[in-house]
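Summary of the model geometry
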Amino acid sequence: MSEAVPALSPEQMRCLLQTMYRIRAFEEKVDELFMRGEVHGTTHLSIGEEATAAAALQALRPDDYITSTHRGHGHCISKGADLKLMMAELLGKETGYCRGRGGSMHIADVASGNLGANGVVGGGIPIATGVGLSIKMQGLDRVCLCFFGDGAANEGTFHESINLAAIWDLPVIFLCENNQYGMSMSVRKATRCETIAQRAVAYGIPGERVDGNDVFAVYEAVSRAAARARSGQGPTLIEAVTYRYKGHSKSDQNRYRTRDEIRAWQERDPIKRLAAYLREHSLLTQEEIEREEAAAYQAIEEAYQFALASPEPDPDSLLEGVYA
Amino acid sequence: MTYAEAIREALREEMRRDPRVFLMGEDIGIYGGAFGVTYGLIDEFGEERVRDTPISEAALAGCAIGAALTGMRPVAEFQFSDFMAIGMDQIVNQGAKLRFMFGGKAQVPVVFRAPLGSGTGAAAQHSQSLEAWFAHVPGLKVVLPSTPADVKGLLLSAIRDPNPVIFLEHKLLYRYKGPVPRGEWTIPIGQAEVKRPGKDLTIIALSIMVPRALAVAARLAEEGIEAEVVDPRTLRPLDEETLIASARKTGRVLIVHEAVLTGGFGGEIAARIASSEAFYYLDAPILRLGGAETPIPYNRTLERRATPQEEDIYQAARRLLQRRPL
Ligand SMILES: Cc1ncc(C[n+]2csc(CCOP(=O)(O)OP(=O)(O)O)c2C)c(N)n1
């Protein structure tokens, strides 16, 4: 963990732990449901990457906006989504966030500032920029945090959007979750750049690389970027280096990486690291930590039961929501 | 007032009325846009609301969508509609679908304006008519105004519409003059107009083909033939009642557009009429006239040949009239 004492209260740290447990519990359940054929389509799990989502949102305010990615369950939960409505969405139920029309890859809750996961790699980056423009033109004291992966950093939208946000000093935080693979393509093969963060130089904005499995490091980087954005100084590019334990999606045979590599990253597990910190600093007892973990799994089970009991959309409502 | 001035007037009036409306696009500020449409607006509204963007079409489209999603009413100008291809993901996969994917819990009130069409010698990458691409996508509205009055009335409606609207302006129409009502003047999106009534045949024309069809109708009138000219004005949603009613009335239908015939919107119109009860009133098969199956060539003669001209429409109308009743 970071050497410096984090600027977080014990209550905030507990909240981080809770959020990470909820993300993990949610995704483990989704994985299981998928295996059992109860969730259809495809799904992308962020198990192992929980720290970036949890810490980034801890550094923001409830009325800030986010745009998310195909691997967005964690972002959604961290933004404060109701687990029941999320689970209902994955099961395609009318009670889901998007009335079962969106599914895992398109969950949004515009009312709470969650402007949606995205099925198109790099698709959310221009939208986040537009949200930043909207915030600025309306004179609001908000920021928009844009999540994307290392793979998305090679899309044209990445370049165009960051450049636009930079020239207009828009309050956008571009947060690259570098889990080191775009499907099977290693980031080392996908770019000659040493880091994604160094690309910030090309747009004349600050770029920062942090350990994405360190909640405190992510929290601090995003806090700094948010302060910059709110004071009118424009966007920041942050690269959080992390790792996904599971395959890219359900079809992944994991042929492009080794068990040893995965094991090595599991030893740096972000949840275990935070739990250890909390114990060592006597902020939580082992028993309290276990209680948080159990509570998360319990909440997911309740969400699942809610989703199961929820009605399917009425087939006659097919055309609803296409036009306003 | 010219078509270009009518657009400017609509933008000006709506920006005065609604502070959420703003413009963005390449060179739309001091330069006034590639066709001078936004000329002078920056003087009144400043560079915050008449926003020059870098040459970044994907960011332009997506940025407008993001702003629309969070309370603004952007009007984004593509310098040429051909370049909408670069912003296509944002328009088609994001803007058009967000509301639906979010379970109907969001609105994307954005207008994408762009000049389309040939006739300026700009050749294959600056002259296409791609409206059928967009009309194919649920979630978008697609508008092709053909007169100064229509362009003003429809643009005001487009800006006020809570959905993404693709607003396609023909380059050659920009200098066309016509009467335009002053002040508040809106035309509902999705309403066709009979531009000239007639009883002997119907010419359904899109965009620049409307003035050409009207010229042909005038020529036919001298020969004692009354052609009805109908302008759908909006492709999605399509006012099929008006088109079907006209087909039923005259019994003969010619559809004309500049876009390439294959996959062109005329096929859709023909199918709608043929599968309606107007079918029983047809005295001849529906005839379609569209662009040649080629990218738009540079050479002036070839360019003219690639898209229907007045003479082509006249000849087609004559052919249609010569067909015996079925
Ligand atoms: C434009 C586009 N191209 C390809 C895909 C297929 N695809 C989905 S996720 C993905 C990998 C994305 O990698 P990255 O951006 O690093 O995110 P990660 O999956 O690692 O979280 C690919 C290639 C897509 N959805 N969209």
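Before reading further, recall that the structure is shown in the block above.
In short, a report on the structure.

Procedures and definitions
- Residues numbered from 1 in each chain as written.
- Chains lettered and ligands numbered in written order.
- Predicted model: local features only at pLDDT ≥ 70, side-chain atom pairs only at ≥ 80, totals over all residues.
- Heavy atoms only, no water.
- Helix = DSSP H or I, 4+ residues; strand = E, 2+ residues; numbered from the N terminus.
- Rg over C-alpha atoms; globule rule 2.2 N^0.38 Å.
- Buried < 20%, exposed > 50% of the residue type's maximum accessible area, 1.4 Å probe, protein only.
- Contact = heavy atoms within 4.5 Å.
- Areas by Shrake-Rupley, 256 points an atom, 1.4 Å probe, with all protein chains shown as cover.
- Lys, Arg positive; Asp, Glu negative; His and termini not counted.
- Charge placed at Lys NZ, Arg CZ, Asp CG, Glu CD.
- Core = buried A, V, L, I, M, F, W, Y, C linked by side-chain atoms within 4.5 Å.
- Right-handed = clockwise from strand over helix to strand, strands pointing away.
- Near = heavy atom within 4 Å.
- Polar contact = N/O pair within 3.5 Å; in protein donor to acceptor, adjacent residues only side chain to side chain.
- Nonpolar A, V, L, I, M, F, W, Y, C, P; charged D, E, K, R; others polar.
- Pairing = 2+ DSSP bridges.
- Axes fitted to C-alpha atoms, helices over the stretch in contact; angles between N-to-C directions.
- Phe/Tyr/Trp six-rings, centres within 6.5 Å; stacked < 30°, edge-to-face > 60°.
- Lys NZ or Arg CZ within 6 Å of the ring centre and 35° of its normal.
- Salt bridge = Lys/Arg side-chain N within 4 Å of Asp/Glu carboxyl O.

A word on the overall build of chain A. For chain A, the count of helices and strands is twelve helices and seven strands. Compactness check: chain A gives a C-alpha radius of gyration of 19 Å against a globular reference of 20 Å for 324 residues, within 12% of the reference. In terms of its C-alpha atoms, chain A occupies a principal-axis envelope of roughly 55 × 50 × 40 Å. Going through the 324 residues of chain A one by one, you find that 58% of them count as buried. Counted over contacts in chain A with a minimum sequence separation of 6, partners at least 24 positions apart contribute 74%. Of the roughly 13,000 Å² of accessible surface on chain A, 50% is carried by carbon and sulfur atoms. For chain A, the separation between the mean place of its 34 positive charges and that of its 44 negative charges on side chains is 4 Å.

Ranked by size, the top nonpolar core spans 83 residues in total, and within it Phe148 of chain A together with Ile91 and Phe112 of chain B carry the most contacts. The greatest single-element share of this core, amounting to nine residues, is contributed by helix α3 (residues 57-69) of chain B. When sequence neighbours within four positions are dropped, the list of residues in contact with Ile91 of chain B reads Ala61, Ile65, Phe78, Met84, Ala96, Phe112, Phe134, Leu140 and Ile166 of chain B. Core analysis: the next-biggest nonpolar cluster, separate from the first, contains 73 residues, Leu8, Met87, Phe216 and Ile271 of chain A among them.

For strand β12 (residues 287-291) of chain B, the buried fraction is high: four of the five residues fall into the buried class. Handedness of the crossover joining strand β11 (residues 253-260) of chain B and β12 of chain B through helix α10 (residues 265-274) of chain B is recorded here as right-handed.

What follows covers the site of the ligand. Residues and elements named next belong to chain A. The environment of the ligand is formed by 15 residues, the closest being His70, Arg71, Gly151, Asn179 and Tyr181. Between the ligand and the protein, one listed contact pairs an oxygen atom with a backbone N or O atom of Gly151 at 2.6 Å. Residue Ala152 places a main-chain N or O atom 2.9 Å away from an oxygen atom belonging to the ligand. Alone, the ligand offers 580 Å² of accessible surface; in the complex the protein occludes 72% of this. Here the residues of the shell around the ligand are counted per class, giving five nonpolar, seven polar and three charged.

Another aspect to go through is the sheet that holds strand β7 (residues 236-241) of chain A. Residues and elements named next belong to chain A. An order of β1-β2-β3-β7-β6 is seen for the five strands of this open sheet, with the pairing classed as parallel. Bordering the open sheet on either side are β1 (65-67) and β6 (207-211), each of which pairs with just one other strand. Neighbouring strand axes in the sheet, compared pairwise and without regard to direction, differ in orientation by 20° on average. Pairing geometry for β6 and β7, over five bridges, is parallel. Looking at the pairing, Asp211 lines up with Val241 of β7.

Here Arg236 of chain B and Pro237 of chain B are connected by a cis peptide whose omega angle stands at 0°. When you line up the elements, Pro237 of chain B lands in the loop between β10 (234-236) and α9 (240-250). One non-glycine residue, Asp169 of chain A, adopts positive backbone phi at about 50°. Structurally, the position occupied by Asp169 of chain A is in the loop between α6 (156-167) and β3 (172-178). Owing to a relative accessible area of 33%, Asp169 of chain A belongs among the partly exposed residues under this scheme. The phi angle at Gln180 of chain A is positive, at roughly 75°, despite the residue not being glycine. Relative to the assigned elements, Gln180 of chain A resides in the loop between β3 and β4 (181-182). The exposure class assigned to Gln180 of chain A is buried, which follows from its relative accessible area of 14%.

Summed over all chains, the structure comprises 13 aromatic pairs over all chains. Between Phe216 of chain A and Tyr277 of chain A, the aromatic rings sit 4.8 Å apart at their centres with planes inclined by 75°, giving edge-to-face as the arrangement. Of the two residues, Phe216 of chain A is situated in helix α9 (residues 215-230) and Tyr277 of chain A in helix α11 (residues 270-280); the sequence distance between them amounts to 61 residues. As far as the burial class goes, Phe216 of chain A and Tyr277 of chain A line up, both buried. An aromatic cluster is present here, built from Tyr3, Phe35, Phe80, Phe83 and Tyr174 of chain B joined pairwise through their rings. If you follow Arg51 of chain B out to its NZ or CZ, it ends over the ring of Trp168 of chain A, 4.5 Å from the centre. Its end group placed over the ring of Tyr314 of chain B, Arg219 of chain B keeps NZ or CZ at 3.6 Å from the ring centre.

All names here are of chain A. By secondary structure assignment, the location of Glu177 is in strand β3. Although Glu177 is buried, it forms no salt bridge, and the closest oppositely charged side chain is Arg71 at an N-O distance of 7.1 Å. A distance of 2.6 Å separates polar atoms of two side chains, one belonging to Glu177 and the other to Thr52. Apart from the residues within four sequence positions on either side, Glu177 is in contact with Glu49, Thr52, Ala53, His75, Phe147, Phe148, Gly149, Asp150 and Ala240.

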